[in-house]
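Listed below, chain by chain, are the residues.
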Amino acid sequence: MTLDTAADLLKLLADTTTEPRPDPQLEALTLAVAADLPVLLWGEPGIGKTAALNQLADSLDLPLTTVIASVHEPTDFSGLPVIGADPAVHGVPMAPPDWAVRLATAGRGLLFLDELSTAPPAVQAALLRLVLERRVGALTLPPGVRIVAAANPRGSAADGWELSAPLANRFVHLQWIYQHEVVVRGLGGTWPRATLPRLDPDGLPGAVAFARRAVCELLTARPKLVHQLPQSETKRGGAWPSPRTWDMAVRLIAFGTAAGTSREVLSMLVRGVVGDGPGLELLAVLDRMDLPDPEVLLADPAAAVLPERGDLRQVVLEGVVEAVRGNADRERWEAAWRLLVRALDDGAPDLVVVPASELAGLRRDDWPLPSGIERLAGALNVARRAASA
Amino acid sequence: MTTDTAKTADTAKTMDDAKTMDTEKLYAARLHAVRVRPYLASALFALHVVECPATPTMAVDRYWRCYVSPDFVARMPMTELAGVWVHEVSHLLRDHHGRGDRYVREHELTGPGVRLRLNIAADCEINDDIYGDGLPSPAGAVHPAVLRLPPGELMEDYLPRFRLGPFTDGYAWLDCGSGADGGERPWDLGPDGAHGLTEQERDAVRFRVAQGINGAPGRVSKGWRRWAEEAFHPPQPWRELLGAAVRAAAASAGAGDDYTYGRPARRAAALPRVVLPALRRNPPRVCVVIDTSASVSDEELGMALLEVAAIGRAVGGRRQLLGVVSCDVAARVAHPICRGEGIPLIGGGGTDLRAGFASALRTRPDVIVVLTDGWTPWPSSPPPCRTVVGLFRRRGGEGSDHTMAWPPDWARSVRIG
């Protein structure tokens, strides 16, 4: 056997094809990188984080620079002090390492900090400045450089350190989970190829307004969510809410909205910056903003489109009754009845029961029963049978 | 002949009757379920009903569709039907299909009976705490007692403890659908069908329900409270948490491997004009205080002690840097382990944890690791070193949990077991 034949065999092995496949993880990663936020990929060793980074660099057309954080010394990130001829006059410059100089010269690139969680605390402290201020010693990385880091979950990092809370607060945390079918199909020779999100240039101002409104609405109602250092042992080293991460959430929602991404991807991103609980509350606000406005529904019940999902429909109908309660007159009251009757046309009758009984309670003595109310009889039957239990 | 035809016509007629579903009864049952379990309202309303004669009873899929057999609705009393609604939505809220898939993959289970076993185990987890209080248990519901298993445990706990056999024969018809056990059914509409919920929507519904339960825990059963606490933060194995806490404590400020400019680096000779920091090893002195009453099992205590010893070695501690202070009851466990590992046993600290702290501090440790059940007085001021508390869950009733004296804020606590 000669090495030529071996090379032929290797070439055959490397000959794989790709197929398009939606990949929410990669989409989330791309959006966060586009939004110029540092991303931290959490995943077991050997599940293709680096491969994903290669694909991302290819598709964004950025050169990839990989730095294994755990084998570097703090000075590789904070700069080496070099004593000149006269330190009292010139000071002591902090010299950046070669990879940083090359990145700065190129002006653009994807910096991949691998094995972040196994880096000793002093290295992590030096990385704080790199990740937040993009400074390596005396050198500032140009805006065209994007930063992605990877870490192993502490269960699998043999001698892993814990990510400090300040460092964790600077990243978008994405869980990198391997998918069984993708791996099996990939080993068979076909790897997935994700279609990357594109920003819609006309939708930018709207996207920013939408994102700001959502976050402000939540934080006005829930001031406690603004800043919460992780307390419980399970949440340490992960995403947690602070003004910095809420600002990141605004940015990510704006990017997600402009790119028209799914809620799935937005959910990963938002939960990845402010944590699961606050992230889910923010998503609930987004869901509510999607629901029709009660006042609009009351203004024209005939044209009303109610959500298909029962639980959302229930929320809308309750909102309508609340709106009537807040400002009750006969016209609005009758419009609300018409909405309830409409809700019966294409939905389950039990949803209408509670709003109907509340609306009935709002009736003034001189208001006659609205027309069409007899159609609610079926719903009332449902209520009667439920009550007879 | 005529009677035969009449009979056929008759059967056809009952078939026809069965085909028109009594939706009024079905929705009345859902309304009843919402009234007696208000915290499940958004989850119950989020289910999309699909009429499906092929389903033996009621079944859910992982996209929150609920397949209902008209025949089943006709023969169930309304209140029992309400119980079935809650039962089915519980499968989805508790992510039984996802957990079932994971279990099957991890244990490489195959064979036709697997999904039935998953369904039975999932039903055991649900049925011991959702019924009662306005919801009668439907006839023939699986209960752990039927399989001679204790109530109050999780699907994963029940699974390895029974096989399909005489006890489970009666449940061969049991079918809560792919939402309960992850196995595809012929009637499933699949991911592309109409009215399915996406993963994010499912999470949102589960989050709303968990928030409702956490907001008003008084009226909610213990099983649901536990679910709500853990819905988005599943408990991690305590070994990892204890390990991370001890490692972080041992690595911080002044101990462990870290860089320092305090002494020249080995690379310095090669780079004469550059000042390099050196990697300096400063192994932490760890002292373990074991304070325990007889309520903690020897096995758990032994595992925790071995774990701490292993971490102590991993972060660079030599044996003489790891000490153990033991109270009298725990000495029985600590002695053999310390002898086996070559760890000095520093001596009894009495039964008061404050005395244990005092004798531990005499060894001037960097880290104190306390293994306790928490039922003890704590020092009033923080010790001059980092403290990690491994908290054993007290045996004998979870009701005692809230009367437990919690470790103070200056300690990092990890629940063990």
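Worth saying up front: this structure is predicted, and the values here are computed from it rather than measured. (Residues numbered from 1 in each chain as written. Chains lettered and ligands numbered in written order. Predicted model: local features only at pLDDT ≥ 70, side-chain atom pairs only at ≥ 80, totals over all residues. Heavy atoms only, no water.)

### Overview of the packing of aromatic side chains
Each aromatic ring pair is summarised here by two numbers: the centre-to-centre distance and the angle between the ring planes.
Move 1: Taken as a whole and judged by the stated rule, the model has 6 aromatic pairs over all chains.
Move 2: Summarising the aromatic geometry, the rings of Tyr39(B) and Trp224(B) are spaced 6.5 Å apart at their centres and angled 65° between planes, so their arrangement reads as edge-to-face. Of this pair, Tyr39(B) sits in the loop between helix H2 (23-36) and helix H3 (41-46) while Trp224(B) sits in helix H11 (residues 222-230), placing them 185 residues apart in sequence.
Move 3: Taken together through their ring pairs, the aromatic side chains of Trp333(A), Trp337(A) and Trp367(A) make up a single cluster.
Move 4: It is Arg94(B) that lies over the ring of Trp224(B); its NZ or CZ is 4.3 Å from the centre.
Move 5: Above the face of the Phe162(B) ring, Arg117(B) is positioned so that its terminal group lies 5.9 Å from the ring centre. (Phe/Tyr/Trp six-rings, centres within 6.5 Å; stacked < 30°, edge-to-face > 60°. Helix = DSSP H or I, 4+ residues; strand = E, 2+ residues; numbered from the N terminus. Lys NZ or Arg CZ within 6 Å of the ring centre and 35° of its normal.)

### What about the pattern of salt bridges?
Any two side chains of opposite charge can pair, on the condition that their charged atoms come close.
All names here are of chain B.
Move 1: Inspection of the entire model under this criterion finds 33 salt bridges over all chains.
Move 2: Close ionic contact of Glu125 with Arg99 constitutes a salt bridge, the shortest N to O distance being 2.7 Å. Placement of Glu125 in helix H7 (residues 114-130) and of Arg99 in helix H6 (residues 96-107) is noted, with a sequence separation of 26 residues between them.
Move 3: Residue classification places Glu125 among the buried positions, given a relative accessible area of 4%.
Move 4: Taking the relative accessible area as the measure of exposure, Arg99 reaches 15% and is therefore buried.
Move 5: Overlapping salt bridges, with partners in common, bring together Arg94, Arg99, Glu125, Asp129 and Glu156 in one network. (Salt bridge = Lys/Arg side-chain N within 4 Å of Asp/Glu carboxyl O. Buried < 20%, exposed > 50% of the residue type's maximum accessible area, 1.4 Å probe, protein only.)

### Some thoughts on a nonpolar patch on the surface
Move 1: Residues Leu9(A), Leu10(A), Leu12(A) and Leu13(A) make up a contiguous nonpolar surface patch of about 470 Å² in total accessible area.
Move 2: Assessed through its relative accessible area of 62%, Leu13(A) is described here as exposed. (Patch = residues over 30% accessible without salt bridge, like charges linked within 9 Å, V, L, I, M, F, W, Y side chains within 5 Å. Areas by Shrake-Rupley, 256 points an atom, 1.4 Å probe, with all protein chains shown as cover.)

### A look at the sheet that holds strand E1 (residues 48-51) of chain B
Residue and element names in this part refer to chain B.
Move 1: Strand order in the open sheet formed by 3 strands is E1-E3-E2, and the pairing between neighbours is mixed. Of all strands in the sheet, those with a lone pairing partner are E1 and strand E2 (58-60), marking the two edges. In this sheet, neighbouring strand axes are inclined to one another by 25° on average, regardless of whether the strands run parallel or antiparallel.
Move 2: Here 3 bridges tie E2 to strand E3 (residues 65-68), and the two strands are oriented antiparallel to one another. Pairing of Val60 across the sheet is with Cys66, part of E3.
Move 3: Contacts from helix H5 (residues 78-93) reach E1, E2 and E3 within the one sheet, and its direction differs from that of E2 by about 20°. (Pairing = 2+ DSSP bridges. Axes fitted to C-alpha atoms, helices over the stretch in contact; angles between N-to-C directions. Contact = heavy atoms within 4.5 Å.)

### Thoughts on empty space enclosed by the protein
Residue and element names in this part refer to chain B.
Move 1: One pass over the structure, following the stated rule, counts 3 cavities of 30 Å³ or more.
Move 2: The computed volume of the second largest cavity comes to approximately 40 Å³.
Move 3: Considering the residues around the second largest cavity, the lining is formed by Val36, Arg37, Pro38, Tyr39, Asp133 and Arg219.
Move 4: Residues of the lining of the second largest cavity, tallied by class, amount to 3 nonpolar, no polar and 3 charged. (1 Å grid on protein atoms, 1.4 Å probe; cavity = no way out; pocket = protein on both sides within 12 Å on 5 of 7 lines; lining within 4 Å. Points joined across faces, edges and corners; volume = space filled by probe spheres on them. Nonpolar A, V, L, I, M, F, W, Y, C, P; charged D, E, K, R; others polar.)

### Some words on the confidence of the model for chain B
Residue and element names in this part refer to chain B.
Move 1: Per-residue confidence for chain B gives a mean pLDDT of 78, with 78% of residues at or over 70.
Move 2: This model gives residues 1-18 a pLDDT under 50, and the stretch forms 2 contacts once residues within four places in sequence are excluded.
Move 3: Every residue in residues 396-403 scores below 50 in pLDDT, and together they form 3 contacts with partners more than four places removed in sequence or on other chains.
Move 4: Interface scoring of the predicted complex returns ipTM 0.80; its pTM is 0.80. (pLDDT = per-residue confidence, 0-100.)

### Some details on the nonpolar core
One broad trend across soluble globular proteins is that nonpolar side chains are buried collectively.
Move 1: Within the largest apolar cluster, 135 residues are counted, with the highest numbers of intra-cluster contacts made by Leu29(A), Trp64(B) and Trp85(B).
Move 2: Non-local contacts of Trp64(B), meaning those with residues more than four positions away in its chain, are made with Ala43(B), Ala46(B), Leu47(B), His48(B), Val89(B), Leu92(B), Leu93(B), Leu197(B), Arg202(B), Val205(B) and Arg206(B). (Core = buried A, V, L, I, M, F, W, Y, C linked by side-chain atoms within 4.5 Å.)

### Some remarks on the packing of helix H2 (residues 24-34) of chain A against helix H3 (residues 49-60) of chain A
All names here are of chain A.
Move 1: Where H2 contacts H3, the two axes come as close as 11 Å, and the packing angle between them is 55°. The orientation of H2 relative to H3 falls into the category oblique. The way H2 lies across H3 gives a crossing that is right-handed. Along its contact with H2, which presents Leu26, Leu29, Thr30 and Val33, the element H3 presents Ala52, Leu53, Gln55, Leu56 and Leu60.
Move 2: By residue class, the composition of the contact of H2 with H3 is 7 nonpolar, 2 polar and no charged. (Parallel < 35°, antiparallel > 145°, perpendicular 65-115°, else oblique. Left-handed = near helix turned anticlockwise from the far one by under 90°.)

### Structural notes on the sheet that holds strand E3 (residues 64-68) of chain A
All names here are of chain A.
Move 1: Pairing in this open sheet of 5 strands is parallel, and the strands run E3-E6-E9-E2-E10 from one edge to the other. In this open sheet, the two strands that pair with only one neighbour each are E3 and strand E10 (172-175). Recorded for the sheet is a direction-independent mean angle of 25° between the axes of neighbouring strands.
Move 2: For E3 and strand E6 (residues 108-114), the ladder comprises 5 bridges, and the chain directions are parallel. Bridge pairing in E6 links Thr66 to Phe112.
Move 3: Contacting strand E2 (39-42), E6, strand E9 (144-151) and E10, H2 crosses the sheet at an angle of about 165° to E10.
Move 4: Contacting E2, E3, E6 and E9, H3 crosses the sheet at an angle of about 175° to E6.

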